[in-house]
Structure formats: C-alpha cells, structure tokens
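Architecture and fold: a report
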Amino acid sequence: MNRLGIIFLTAMMLLTWGCSGNRNTSGDSAVEACDTLTTEASLLCMTERPDGVIVAEIKDPWNPGRLLQRLVLVNDDNAGGALPEGTVIKCPVKRSLVSSVMFAHGIDELGATEAIAAVTDGQYYKTPAVRKAIDEGRIVNVGSSMQPNAELIAACRPDVILSNPYQNAGHGVIETMGVPIVEMADYMEPTPLGRAEWIKLLGVLYGNPEKADNIYNSVKENYVMWKNRTGEESPVVLTEMSQDGVWFVPGGESYMARIIADAGASYPWSGNGEGGSLQLDFPTVYNAAHDADYWFIKTDNPRFSYKDLKEAYPLNEKFRPFQQKKVYFLDTAGSMFFEEMSFHPDLLLRDFVIILHPDSAGGEEPRYYHPAL
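In this text, all values refer to a predicted model and were calculated from it rather than measured experimentally.

**Concerning the sheet that holds strand 10 (residues 237–239)**
Taken in spatial order, the four strands make up an open sheet running 10-14-15-16, and their pairing is mixed. Across the chains shown, the open sheet's two edge strands, defined by having one partner strand only, are strand 10 and strand 16 (369–371). Neighbour to neighbour, the strand axes of the sheet diverge by 30° on average, direction disregarded.

If you want it as structure tokens, here you go:
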C-alpha cells in the first residue's frame, strides 16, 4: 500500500450491544436543522433528547437529502426508555475496532485509548500510547483493512467498529457479524472545521463529550487566528509531484484546497468543483502551475532534496519554485501528519501561513513542512 493511502484506511467488524444494520437507514430524509451540539459539520447532526439520549444523524454525502445512518447513543441512565429507530450503541464504548490512524489519535486525545481493542493496518499507527499497546499486544492488529482476519476480530469482541464509508461500497463480510459500524464520513466534509467537529461524535461514543468540545473549540479558535494572520499578498501554491506518469493534485473543493485558500494563497485548480484528487499528466500541471511561487510535496523521504526532485523527473527543475528554492516537503513517515490532520486542521493551516506569510508568523517554525535540501 502506498504510504499516502493511509489517509483513508477502511475497516471492519463484530458483536455488540444494540441493533444491527448500518447502511442507509431506510432512506430517511435528513433533518433540516440541528441543535447546537454541531455547528460547522454539514454531514453530522447531533441532537440531545430530554432523556439524555443523543441522536447522531450522518447524512449521505452522495445523495443529498438522505441519511447514511442514524446512531442512537445511550448510557446506563437512559438505556431503558423508548428509543428512536437507528443503530443503538451503549456509551461509553468499552471495546472497539478502529480502521484509521486518525480515529485512534482522536480517541487517545479523549483519554480512551484502552477502549481500542483492535486496529487494521496496525503497522502505520504512530500515536505513542497506541503504538505501544499494539507492540505489546494489548491492541490487536487484525491485518489489512481490505482482508482482515475474521478470527482475530471475533476474539477481540468489539462493541463497535469505526470505518469510512465509500460510495457504492459496503463493508463486506463484517456487515453480517452483528456489530454496529459507525460510518465515519468526516473525510467528505467540505470544510476543515466541519471535519474537525466530528471529534464531538467520538467524545460521546467514548464517554468524554466535554473534552471533545474543548478540543474542537481550541482548534476553531486557533484556525481563525491563523487565518486572520495572512498577509496581503496571495502567492500561488503547487502541491505534490508526478509519480509513474500521474500527478495527483487536490480538487478545488478538497480539504487541502480549502486550507490553501484560508492561508491566503492562490491555487491553480481553485475553480474546479471536485472534492477529491484530480489525476493529471505532467504537461497539464506544468502549463497551469510552472510559475507558482511555492511547491509543497508529501513524501516518505526524511531528507527530500532538489536532487531527488530532479531525479524523479528531470523537467521538475523547470518549475519556478525549484529554481527559486521554494520547495517544501512533508515527511509522512516521520511526522504525525496523518494522525492529526482530521481533527487539527489548524496545525496544517499554521504551517502554510508561516511559510507563505513569514512577516505575519512571528518567527514561529512549521510543524510538518520543511525546506527541501
């Protein structure tokens, strides 16, 4: 698996308290309004009933006006009353299978690492407490998210599974195992703060909603602060590089494109309406961005250099950022970028503002991106 592919690790599986059935809750229309539990997220609506039951409705990203899932989150104090239709989960969750380094990091931030019983693709997890628990066998690595070990999953006895949904795709055999699968559609949120707000769902699931609120409020405050520290100039930004003849650049409505815009920069594909990545060839990218001011690249090379960039494709030296030594790289292997990006977009925005508007940065150093060597 390409290391960059772990942004959206998928997952699986088995046995819990409550009802089964995850995919589109009978095609119900999504509610039109939400109470104040969620304010920025467009796909997550969390409401608290008078009896304390929290109903979390996850909207279908691919079918506007319809629900992907309704979660009914109960605790010992309110589990006995009449409940609305949906996937019932008793909170706080005690044992869970987690399919993403991002979710695991969020759970760890909430102080609930012990509630992670298993993970998929365990070799990629770097959050210290999670990594240590995997290495010591307290968290079981059930194998690839594409083909997990069903016996290991059954032995872990998870109460709930956290997994990303994908369009026109189910969760395979795990859907027959009777374990609630929480459809974490956070990656489809159109704004960074909307995605970050999904920490509130984890907060309820893992019994620490107050801590989740505090995390989100701090992230939002920092995000707005850094957004307001951009300079008057609007430098042009290019991202990534051609690999095997294909150059994946963020679509104009993507997470990365939104953060670039909030960092006060221009982006050659900002007018594109895609929320995912665009697959382009080298000439197309060169024609659109050869005169960019800055070039940001993700790589698993901890000492990425201009020599590496030229060896990857000789014509890379024709880009202005290469010539003016304004190429910056993010070491995906050595950093916590993938762990932190979902619920802490303020950290990535901070990097861009520091680099693109150094006069406004107060001498602070970037967290993720560093000058190419």
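And the narrative resumes.
**What about the pairing of strand 13 (residues 277–280)?**
Taking every second residue as pointing to the same face, the buried face of strand 13 carries L278 and L280, while none of S277 and Q279 on the other face is buried. In this structure, strand 12 (residues 246–250) lies alongside strand 13, joined through four bridges in antiparallel fashion. Each residue of the ladder has a partner; that of P250, found in strand 13, is S277.

**As for the side chain of S335**
Looking at the secondary structure, you find S335 in the loop between strand 15 (327–331) and helix 11 (337–340). Among the polar contacts made by the side chain of S335, one reaches the main-chain carbonyl oxygen of D331 at a distance of 2.9 Å. Of note is the side chain of S335, whose polar atom sits 3.3 Å from the backbone nitrogen of F337. Non-local contacts of S335, meaning those with residues more than four positions away in its chain, are made with K126, L330 and Y368.

**A closer look at the sheet that holds strand 8 (residues 160–163)**
Read across the open sheet, the five strands follow the order 7-6-5-8-9; overall the sheet is parallel. The open sheet has two edge strands with one neighbour each: strand 7 (140–141) and strand 9 (181–183). As paired strands, strand 5 (residues 96–98) and strand 6 (residues 116–119) are joined by three bridges and run parallel to one another. Bridging from a neighbouring strand, S96 pairs with I116 of strand 6.

**Remarks on helix 1 (residues 101–109)**
Summarising burial for helix 1: seven of the nine residues are buried, a large majority. Of all the positions in helix 1, only V101, M102, F103, A104, H105, G106 and I107 are classed as buried. The opening residue of helix 1 is S100, an N-cap whose side-chain oxygen sits 3.0 Å from the backbone nitrogen of M102. Looking one or two residues past helix 1, G111 carries a phi angle of roughly 80°, positive in sign.

Parameters at a glance
- Residues numbered from 1 in each chain as written.
- Predicted model: local features only at pLDDT ≥ 70, side-chain atom pairs only at ≥ 80, totals over all residues.
- Heavy atoms only, no water.
- Pairing = 2+ DSSP bridges.
- Helix = DSSP H or I, 4+ residues; strand = E, 2+ residues; numbered from the N terminus.
- Axes fitted to C-alpha atoms, helices over the stretch in contact; angles between N-to-C directions.
- Buried < 20%, exposed > 50% of the residue type's maximum accessible area, 1.4 Å probe, protein only.
- Polar contact = N/O pair within 3.5 Å; in protein donor to acceptor, adjacent residues only side chain to side chain.
- Contact = heavy atoms within 4.5 Å.

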